[in-house]
Amino acid sequence: MLVQTVLTVLDWCGIVVFAISGALVASRKQMDVVGFVLLGTATGIGGGTVRDVLLGQLPVFWVRAPGSLVTCVAVSCLVFATAHIPQSRYRVLLWADAVGLALFAVSGAATALEVGAGAVVAVAMGVVTATFGGVIRDVLGGESPVVLSREIYVTAALLGAAAFVLALQAGAPRELAAGLGFTA
Amino acid sequence: MLVQTVLTVLDWCGIVVFAISGALVASRKQMDVVGFVLLGTATGIGGGTVRDVLLGQLPVFWVRAPGSLVTCVAVSCLVFATAHIPQSRYRVLLWADAVGLALFAVSGAATALEVGAGAVVAVAMGVVTATFGGVIRDVLGGESPVVLSREIYVTAALLGAAAFVLALQAGAPRELAAGLGFTA
Amino acid sequence: MLVQTVLTVLDWCGIVVFAISGALVASRKQMDVVGFVLLGTATGIGGGTVRDVLLGQLPVFWVRAPGSLVTCVAVSCLVFATAHIPQSRYRVLLWADAVGLALFAVSGAATALEVGAGAVVAVAMGVVTATFGGVIRDVLGGESPVVLSREIYVTAALLGAAAFVLALQAGAPRELAAGLGFTA
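Quick summary incoming for the structure in this document. (Residues numbered from 1 in each chain as written. Chains lettered and ligands numbered in written order. Predicted model: local features only at pLDDT ≥ 70, side-chain atom pairs only at ≥ 80, totals over all residues. Heavy atoms only, no water.)

### Focus on the packing of helix α2 (residues 33-55) of chain C against helix α6 (residues 119-141) of chain C
Residues and elements named next belong to chain C.
So, step 1. The N-to-C vectors of α2 and α6 enclose an angle of 135°; their axes lie 7 Å apart at closest approach. The pairing of α2 with α6 is recorded here as oblique in orientation. As for how α2 packs across α6, the hand of that crossing is right-handed. Across from Leu39, Ala42, Thr43, Gly46, Gly47, Gly48, Val50, Arg51, Leu54 and Leu55 in α2, the residues of α6 making contact are Met125, Val128, Thr129, Phe132, Gly133, Gly134, Ile136, Arg137, Leu140 and Gly141.
So, step 2. Residue composition of the contact of α2 with α6, by class: 10 nonpolar, 8 polar and 2 charged. (Axes fitted to C-alpha atoms, helices over the stretch in contact; angles between N-to-C directions. Helix = DSSP H or I, 4+ residues; strand = E, 2+ residues; numbered from the N terminus. Parallel < 35°, antiparallel > 145°, perpendicular 65-115°, else oblique. Left-handed = near helix turned anticlockwise from the far one by under 90°. Contact = heavy atoms within 4.5 Å. Nonpolar A, V, L, I, M, F, W, Y, C, P; charged D, E, K, R; others polar.)

Structure below.
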């Protein structure tokens, strides 16, 4: 189905973008390549992992299909290979975070709806999927004030997931993601 | 059954009280309403979520019955609306923490027994349910020394859960909770 | 089967060694006996718990067989009783960490293979099992830079789990663990 394909693409884009954001944190911390891979992978698949556990979709998605795991490792290595180019690393990080968040808010809500959850739970899952990758990244990276400085992102994820769930009858996830990207 | 009803009431009270404690942390951090809802909800349902995952009761309780999710959001908003009244916020937080802990230690142990776990596991589940809401709150809120300054609470949860499991034959969870509240 | 027995022994040794490392952190923080038990137990069974949840092996292993829970509590109490003997506590902690990591990297990978996961996932599970006990310990203990200062350990776990998976056809997990201990 078309909607399904669009969602799969969204999910993959979110994983790649969050893996980049995790690897960039490793870059700021001057870690070695293992640190890049660890933080990139944990950030890329962390949100979806928490979502799958809470919904009881076990084993989690990257155990069922390790392609996303391999992708995260590859993306992290790529960032490691190119991250010495310093130009505005932090700006890229913020951008990656916002885009990944928009993508995951929608795909998280969609996954919850697929397994039969109601609208309230779907919105909550969108928020969880979108924010927990970043939470895991910051806890592992030893950065403390996670939610504090990123409330704007949580708000964006909430709005995005809510808008997606409301808009589902119209079958318009694409426009939604665009609208959310604007909000973030 | 009466015991079952009492436990459900305990569980709901624990969720509300922990949601208040999470929202009060958001208040101390001067967060906006989204921060209140996020911290209040994560604290209110966090302990029970970890319990359900460890026991394999999936999807977790608030996906099965989103009423508790809605309650946490409502309670957090209520705290946001009234928290500018400064009078002894910290004292209320400590009180909420202690009461919620006593309630969750008992309801966590009871849930474990219900799904057929032994006494040792039930006590451990009481401790996990009672303490992990607060742990998640402090990690998200960026406060570091979680267990360090709250050992007395862990001890209280341990005693409460143990006393409840031992007292179960007498069918007296009510008195137990009272006794635990005294300890905390 | 012999391999199975060896793995069970590895797993138990890893649990005991990590429980010691958790209790030693409690010792450095001058906690009371409850802090020792909490940190020791969380560290000892934390990695395996995350592994079981991700693989969907629920309820987690210590709910199915609480022996490991009891062992962690006993080991923590033992460390509490003897930890006032100050001689080079930190060195013992580092040693315990390295040995436990080697043991868990192998047993985590083996568990993943047993439930039918592929090689990539098995290596990832080895890393997760080996590192998450320590991550949970540091988060609970309020120590921030977890991965940063321990990249060498993550590398060791990665190498150990990868070598084990590759060497499995030769059925030589014992030598592997030794080789890994050397690396760490």
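### Focus: the side chain of C:Ser68
Residues and elements named next belong to chain C.
So, step 1. Counting through the fold element by element, serine 68 comes out in helix α4 (residues 67-82).
So, step 2. For serine 68, a relative accessible area of 3% corresponds to the buried category.
So, step 3. With residues up to four places along the chain from it excluded, the contact list for serine 68 reads Trp12, Ile15, Ile45, Phe61 and Trp62. (Buried < 20%, exposed > 50% of the residue type's maximum accessible area, 1.4 Å probe, protein only.)

### What to know about the nonpolar core
So, step 1. Counting residues in each nonpolar core, the largest one holds 111 residues, and the members touching the most others are A:Trp62, A:Met125, B:Trp62, B:Met125, C:Trp62 and C:Met125.
So, step 2. In this structure B:Met125 touches B:Arg51, B:Leu54, B:Leu55, B:Gly108, B:Ala112, C:Trp62 and C:Val63, once residues within four positions along its chain are discounted. (Core = buried A, V, L, I, M, F, W, Y, C linked by side-chain atoms within 4.5 Å.)

### Looking at the environment of B:Val37
Residues and elements named next belong to chain B.
So, step 1. Locating valine 37 in the fold gives a position in helix α2 (residues 33-55).
So, step 2. In this structure, the C-alpha to C-alpha distance between valine 37 and valine 79, residues 42 residues apart in sequence, is 9.4 Å.
So, step 3. Ignoring sequence-local partners within four residues, the contact set of valine 37 consists of Val73, Ser76 and Cys77.

### A few points about the packing of aromatic side chains
Residue and element names in this part refer to chain B.
So, step 1. Evaluated as defined, the whole model comprises 6 aromatic pairs over all chains.
So, step 2. Ring geometry for phenylalanine 18 versus phenylalanine 104: centroids 5.3 Å apart, planes at 25°, classification stacked. Of this pair, phenylalanine 18 sits in helix α1 (residues 2-28) while phenylalanine 104 sits in helix α5 (residues 89-114), and the two are 86 residues apart along the sequence.
So, step 3. According to the relative accessible area criterion, phenylalanine 18 is buried, its value standing at 1%.
So, step 4. By relative accessible area, phenylalanine 104 is classed as buried at 3%. (Phe/Tyr/Trp six-rings, centres within 6.5 Å; stacked < 30°, edge-to-face > 60°.)

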